[in-house]
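So you can see what is in the structure, the chains are spelled out below.
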Amino acid sequence: MPELRKDPVVGRWVIIATERARRPQDFAVEHDAADARTCPFCPGAEERTPREVLAYRAPGGAPNGPGWSVRVVPNRYPALMVEGDLDKKGRGVYDRMNGVGAHEVVIETPHHERALGDLSAGEIEAVLAAWRDRMLDLSKDGRFRYLLAFKNHGSAAGSTVGHAHSQIIALPVIPATVRDELAGGRAHWDRRDRCIWCDVVEQELSEGDGGRVVLANDQFVAVCPWAARSPFECCVLPRRHAAAFEHEPRASYGALAEVLRAVLRKVDGALDRPPYHLMLHTAPLGERDLPHFHWHLELMPVLGTVAGFEWGSGFHINPVAPESAAEFLRKVTA
């Protein structure tokens, strides 16, 4: 029988409909054709992007030229513009403001054919460090309230360039999804004087075999959430309480890279390298010490489409129980 599960943070209900279940290999997708000849993110094509705002390269290397390992540039087609004032206005029930923000692209590797999961832990650590460095710099702008780092991998996930990259968008408002998480975390704190994510980490780690933990090291844990919205959804969290990703100790990014790399490789192995979304939820700017919020990464393989029921009801239908997904992923060699 299908089961309704309630997300403990935001209160969102999910339908776990296991009678609809398919085998992992049944989620096969068509892969994008890679063409480095026309790629604007490859070494030697630096003039085809805006001038870099950050690059990791060997000492003595010239800016905006080859020789980099990670490179960050403004998005040529930004969702929001850095220039201007917010100019907030209202007209009756309607509010508006100028589309002020920042939109940057993190080019994760100079190698066109390598996906994020193909990189070494050290290379992924450098990508995470680039997120951190750019977020710390963007946080100095008083117009911005929130920084969202995310990755769309594969055309089915919305990526328009095959070369491995992620994005950072600075927003003048806090996104509704994050506001829901903040409200859910605050409600749990008010009831129990504890962080809900810390409670989730403790409970998941205590359940052992048969639970939803995919893997863990001494600093981070990856789980398939209790109320996973889609098959093989994974969440990566620090095992100790921390609200702001960008204020993590620099040394911790190596341990995070190890877990993220293993999760990506397990998902790639289980599902034949599917398209996916990777999203970072961190504390709003200026609120780095929140006791009721816990930063985390959300990994969502794109294995289906959102249909009318989902849009109309707000429910998600997941045909794979998170326990089954976690068990399957644990068995995949990373």
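Residues numbered from 1 in each chain as written. Predicted model: local features only at pLDDT ≥ 70, side-chain atom pairs only at ≥ 80, totals over all residues. Heavy atoms only, no water.

Asks: Got a minute to help me understand the sheet that holds strand β12 (residues 234-238) in this structure?
Replies: One key point about sheets: their strands pair by backbone hydrogen bonds, in either a parallel or an antiparallel sense. In spatial order, the strands read β3-β4-β7-β9-β8-β13-β14-β12-β11-β10; together these ten strands make up an open sheet with antiparallel pairing. Strands at the two margins of the open sheet, each flanked by one partner only, are β3 (54-57) and β10 (213-216). Between one strand axis and the next, the sheet turns through 15° on average, direction left out of account. As paired strands, β12 and strand β14 (residues 296-301) are joined by three bridges and run antiparallel to one another. Considered in β14, the bridge of Cys234 is made with Leu299. Relative to β14, helix α4 (residues 252-271) is tilted by about 15°, and along the sheet it contacts β10, β11 (220-223), β12, β13 (276-281) and β14. Each of β10 and β12 is contacted by helix α6 (residues 322-331), which is oriented at about 40° to β10, the strand it contacts most. (Pairing = 2+ DSSP bridges. Helix = DSSP H or I, 4+ residues; strand = E, 2+ residues; numbered from the N terminus. Axes fitted to C-alpha atoms, helices over the stretch in contact; angles between N-to-C directions. Contact = heavy atoms within 4.5 Å.)

Asks: Is there a simple way to think about the nonpolar core in this case?
Replies: One recurring pattern in soluble globular proteins: nonpolar side chains tend to sit buried together. Within the largest apolar cluster, 57 residues are counted, with the highest numbers of intra-cluster contacts made by Leu128, Trp131, Phe245, Leu256 and Leu297. The dominant element in this core, judged by the number of residues it contributes, is α4, at twelve residues. In this view, Leu128 contacts Phe245, Tyr253, Leu256, Ala257 and Leu260; residues no more than four positions away in its chain are not counted. Val9, Cys195, Ile196 and Ala244 belong to the second largest nonpolar core, which has 19 residues in total. (Core = buried A, V, L, I, M, F, W, Y, C linked by side-chain atoms within 4.5 Å. Buried < 20%, exposed > 50% of the residue type's maximum accessible area, 1.4 Å probe, protein only.)

Asks: What exactly am I supposed to notice about the packing of aromatic side chains here?
Replies: What characterises a pair of aromatic rings is the spacing of the ring centres plus the angle enclosed by the ring planes. Throughout the structure, instances matching the rule amount to seven aromatic pairs. Relative to Phe293, the ring of Trp197 lies with its centre 5.1 Å away and its plane at 65°, an arrangement referred to as edge-to-face. With Trp197 in helix α3 (residues 196-207) and Phe293 in the loop between β13 and β14, this pair connects stretches of sequence that are 96 residues apart. Three or more aromatic residues link up through ring pairs in this structure, and these residues are Trp131, Phe220, Phe245, Tyr253 and Trp295. (Phe/Tyr/Trp six-rings, centres within 6.5 Å; stacked < 30°, edge-to-face > 60°.)

Asks: Explain α3 here, please?
Replies: The periodicity of an α-helix, 3.6 residues per turn, causes residues three or four places apart in sequence to face the same way. The end-to-end C-alpha distance of α3, which contains twelve residues, comes to 17 Å, matching closely the 16 Å that a straight helix rising 1.5 Å per residue would cover. All of the buried residues in α3 are Ile196, Trp197, Asp199, Val201 and Glu204. On its buried side, α3 packs onto α2 (176-192), β10, β11, β12 and β14. Once α3 ends, the next one or two residues include Gly208, with phi positive near 65°. (Expected span 1.5 Å × (residues − 1).)

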